[in-house]
Amino acid sequence: MRAATEATLRGMSPVIREISAAETYPLRLPILRAGLPPESAVFPNDDAAETVHFGAFRGEELVGVASLYSALLPETPEFKPAWQLRGMATLPEVRGAGCGRALVEACLAHCRARGAAIVWCNARTPAVKFYERHGLQTLGEEFEIPTAGPHFRMWREL
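Residue numbers run consecutively from 1 along every chain, following the written order of its sequence. Only residues with pLDDT of 70 or above have their local features reported here, since the model is predicted, and side-chain atom pairs are shown and tallied only from 80 upward, although totals for entire chains, interfaces and linings are computed over all residues. Hydrogens and water are ignored here; the side-chain numbers use all heavy atoms of the structure.

1. Some words on the overall build of the chain
Working definition: helices are DSSP H or I runs of at least four residues, strands are E runs of at least two. Numbering for both runs from the N terminus. A count of helices and strands for the chain gives 4 helices and 7 strands. Scanning the chain from its N terminus toward the C terminus, one meets helices and strands in the order α-β-α-β-β-β-α-β-α-β-β. Taking the principal axes of the C-alpha coordinates as reference, the chain spans close to 50 × 35 × 30 Å. Burial classification: accessible surface area is computed with a 1.4 Å probe over protein chains only, and a residue below 20% of its type maximum counts as buried, one above 50% as exposed, and the rest as partly exposed. In the chain, which comprises 158 residues, the proportion classed as buried is 46%. The contact definition used throughout considers only heavy atoms, calling two residues in contact when any of these lie within 4.5 Å. Counting contacts in the chain only where the partners sit at least 6 residues apart, residues at least 24 apart contribute 63% of the total. The accessible surface values rely on the Shrake-Rupley method and a 1.4 Å probe; as for residues, cover is taken only from the protein chains in view. Summed over its atoms, the accessible surface of the chain is roughly 8,200 Å², and 54% of this surface lies on carbon and sulfur atoms. Note on charges: Lys and Arg go in the positive column, Asp and Glu in the negative column, and His and the chain ends are not counted at all. Throughout, a charge is located at the NZ atom of Lys, the CZ atom of Arg, the CG atom of Asp or the CD atom of Glu. With 17 positive and 18 negative side-chain charges, the chain shows a spacing of 5 Å between the two charge centroids.

Structure (structure tokens):
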């Protein structure tokens, strides 16, 4: 990307709006499933009734995605309404420009509005610090997801 175009993208506030599962795939595949077949970008429950997908837009360009699934935190011994944040990806050229932050804020607001007590995710190890800045904390040891590499489970109460 040309420096002027990149500077322009960094100067714009992202617009977050709800999108379809299929609209997430063009970002999920190269960022989260690089080198894998296209169907690897389709996650279980992408089309479930309560699942929601958000897109971060700079102008008309989709530059980030995140999905939320109604799912209990596996380590929670008692029932607490929870949502899993999954499939979060941003284009490399907009990282550090607020798109990820805006997506997480939209996801947290969505969960609060639906009475969730907990939000959790399986965070890629390099993304742990990003999620910590948004109040999530690690739970347990690092583990491997065969299609995606090393992860930590992270969570926060709302």
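2. Re the pairing of strand S5 (residues 118-124)
Within S5, 5 of the 7 residues are buried, which leaves it mostly tucked inside the rest of the structure. Two strands qualify as a pair provided DSSP detects at least 2 bridges between them. Sheet topology places strand S4 (residues 82-90) next to S5; 3 bridges connect them, and they run parallel. Bridging across to S5, Ala82 finds its partner in Ile118. For crossovers, right-handed means that the path from the first strand over the helix to the second runs clockwise, given strands pointing away from the viewer. Taken together, S4, helix H3 (residues 99-113) and S5 form a β-α-β motif whose crossover is right-handed. With 7 bridges connecting them, S5 and strand S7 (residues 149-157) associate as antiparallel partners. Note that in S7 the partner of Ala123 across the bridge is Phe152.

3. What about the nonpolar core?
Think of a nonpolar core as a cluster: buried Ala, Val, Leu, Ile, Met, Phe, Trp, Tyr and Cys residues, connected wherever their side-chain atoms sit within 4.5 Å. Formed by 34 residues in total, the largest nonpolar core has its most connected members in Leu68, Leu85, Met88, Cys121, Tyr131 and Met154. Contributions of two or more residues to this core are made by helix H2 (21-32), strand S2 (52-58), strand S3 (61-70), S4, H3, S5, helix H4 (128-132) and S7. Top element by residues in this core is H3. It accounts for 6 residues. Setting aside anything within four residues of it in sequence, one finds Met88 in contact with Leu32, Val65, Ala66, Gly100, Leu103, Val104, Phe130 and Tyr131. Core analysis: the next-biggest nonpolar cluster, separate from the first, contains 5 residues, Leu73, Ala82, Trp120 and Trp155 among them.

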